[in-house]
Amino acid sequence: MNPTITSHVPLATGLPPSFLWGVATASYQIEGAAAEDGRTPSIWDTFARVPGAVANGDNGDVACDHYHRMPQDVALMKSLGVDSYRFSVAWPRVQPGGRGPVNEAGLGFYERLVDELLSQGIAPWATLYHWDLPQELEDAGGWPARDTAYRFADYAALVFERLQDRVDTFTTLNEPWCSAYLGYNIGVHAPGRKDFDASLAATHHLLLGHGLAVRQMRSSETRPHTYGITLNLGTADPLGDTAEDHDAARRADGMGLRLYLDPLRRGSYPADVVADLAARGSALPVLSGDLDVISTPFDVLGVNFYFGQDFAGTDLEGNTHDASGEPVVRAVAPDTPRTAMDWPITPSRFTKLLVRLHHDYPGLPMVITENGAAFDDSPDSTGFVADDDRTAYLASHIAAVAAARDQGADVRGYFAWSLLDNFEWAEGYAKRFGIVHVDYETQQRTPKQSALWFRDTIAALR
Ligand code: FCB
């Protein structure tokens, strides 16, 4: 890595030496080796083969070939000086089909990864589910089926048994809202279903699976661990000061944030959301005792933040209800510069979110488990990417975290999304979030300017 190229973006400040710095990835987005060592298809292998589902018809068969290049990728992390690496475990690698005994060859990969990380002084942070549900479990009903929650807890226990001696932090789910809403309601993510009630059932069973998994892991631990869940959280502000816009913001916040955090932290679903659902003839499939399981205490909230939005209660013609009679909840991007995903860049709303979480769900340390941005990077003739835009994004959002801490929010770490350019779900390889550039023809990795800035920031704050 060229130590002489530094960014003109000032290094981040205002965070203590104890702050945890890391980089994040997810199994299907980087590993490749989709059919190796006994791995069976997940819902993403299937979905990526549906014509039109993923940009350019891309899939994760090869991805960043991390499965074969893992030691080199860990060396890259080491060169950045990160404290921790957040990776996810591929369920269909470890327990093909989602049931039965461990597949030794598949689990062996994660044992080698953890050993490699520890030998380099990097703390492994394991996520148990980052969206690669075994296809057999989807065929049996997927997350809308209650049994999937129990299957998840069993799988979690298998992984935990084998890694608990070396891994301190286990997060259950990554972004259950995306699994439930994008996967089962609007169908833009795997498994591509479009059924509102199925997505509600998926929400409940994902949360139930989280609680069951935390209980199983904690009851079999041989030493104390840190358990958590990662949510994708944004801010929902009314576009204007009208009753309709305030109600739209309330609904968006209810379905996006409180539907998850209220049961996890308060042991109940939010009453206004339950009433909204009842008004449309829907309900969460809650059985007696479920909310006790879901509200099982855990130790850290993983916050993934990309942007905040405004909400309007009217469509562009001024209607307050859509064709099916549902109230309009129209997301409007704030008037700011955007990333290549067309996502608005809203660091001040990040501060606002973290301070709000601190007040509304107190007593829970937070770690930023993802934050970052896609921009259309082009390498220069030497292969270097001078990504001022991404560097500025990271700098402004790390500053937003420092500002939230100054206002009392207990945020203890920050993981950049992502270590590598990778398979960005429905966007395929077209959108690049990496702080390290990947040439998909040669699999060459080249740290971008943002990676060097991140490295220098971490070093300066120690
Ligand atoms: C999050 C996902 C992550 C990545 C980023 C850009 O929703 O958790 O895998 O795709 O968005």
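First things first, this report covers the structure right here in the doc. The structure presented is a predicted model; accordingly, all values stated were derived computationally and were not measured.

Calculation criteria
Residues numbered from 1 in each chain as written. Predicted model: local features only at pLDDT ≥ 70, side-chain atom pairs only at ≥ 80, totals over all residues. Heavy atoms only, no water. Buried < 20%, exposed > 50% of the residue type's maximum accessible area, 1.4 Å probe, protein only. Helix = DSSP H or I, 4+ residues; strand = E, 2+ residues; numbered from the N terminus. Pairing = 2+ DSSP bridges. Contact = heavy atoms within 4.5 Å. Patch = residues over 30% accessible without salt bridge, like charges linked within 9 Å, V, L, I, M, F, W, Y side chains within 5 Å. Areas by Shrake-Rupley, 256 points an atom, 1.4 Å probe, with all protein chains shown as cover. Salt bridge = Lys/Arg side-chain N within 4 Å of Asp/Glu carboxyl O. Axes fitted to C-alpha atoms, helices over the stretch in contact; angles between N-to-C directions. Core = buried A, V, L, I, M, F, W, Y, C linked by side-chain atoms within 4.5 Å.

**Here we look at the pairing of strand 7 (residues 300-304)**
Most of strand 7 is tucked away: five of the five residues are buried. What you see with strand 7 is no split at all: Val300, Gly302 and Asn304 on one side and Leu301 and Val303 on the other are buried throughout. Judged from the five bridges that link them, strand 5 (residues 226-232) and strand 7 form a sheet pairing that is parallel. Bridging from a neighbouring strand, glycine 228 pairs with valine 300 of strand 7. Taken together, the four bridges between strand 7 and strand 10 (residues 366-370) define a ladder with parallel strand orientation. Bridging from a neighbouring strand, valine 303 pairs with isoleucine 368 of strand 10.

**Notes on the side chain of arginine 349**
Within the element layout of this structure, arginine 349 appears in helix 13 (residues 347-360). Residue classification places arginine 349 among the buried positions, given a relative accessible area of 17%. Those residues in contact with arginine 349, other than ones at most four positions away along the chain, are Thr235, Asp237, Phe305, Gly308, Gln309, Asp310 and Pro334.

**Focus: a nonpolar patch on the surface**
Taken together, the side chains of Tyr181, Ile186 and Val188 define a hydrophobic patch exposed on the protein surface, amounting to about 210 Å² of accessible area. By secondary structure assignment, the location of tyrosine 181 is in helix 8 (residues 176-185). Residue classification places tyrosine 181 among the partly exposed positions, given a relative accessible area of 31%.

**Structural notes on the sheet that holds strand 2 (residues 84-88)**
Strand order in the closed barrel formed by eight strands is 1-2-3-4-5-7-10-11, and the pairing between neighbours is parallel. Along the sheet, successive strands turn relative to each other by an average axial angle of 25 degrees, direction set aside. In this sheet, strand 11 (residues 411-417) lies alongside strand 10 in parallel orientation, the contact comprising two bridges. Bridge assignment links methionine 366 to a residue of strand 11, and that residue is valine 411.

**A closer look at the nonpolar core**
One finds Trp44, Leu354, Leu357, Tyr414 and Phe454 to be the most contacted residues of the largest nonpolar core, which totals 141 residues. Of the residues forming this core, the biggest block, ten residues, is contributed by helix 9 (residues 196-219). Here leucine 354 is in contact with Val303, Met366, Ile368, Val401, Ala404, Ala409 and Val411, once residues within four sequence places are set aside.

From the geometry alone we can't say anything about function, so treat these as descriptive.
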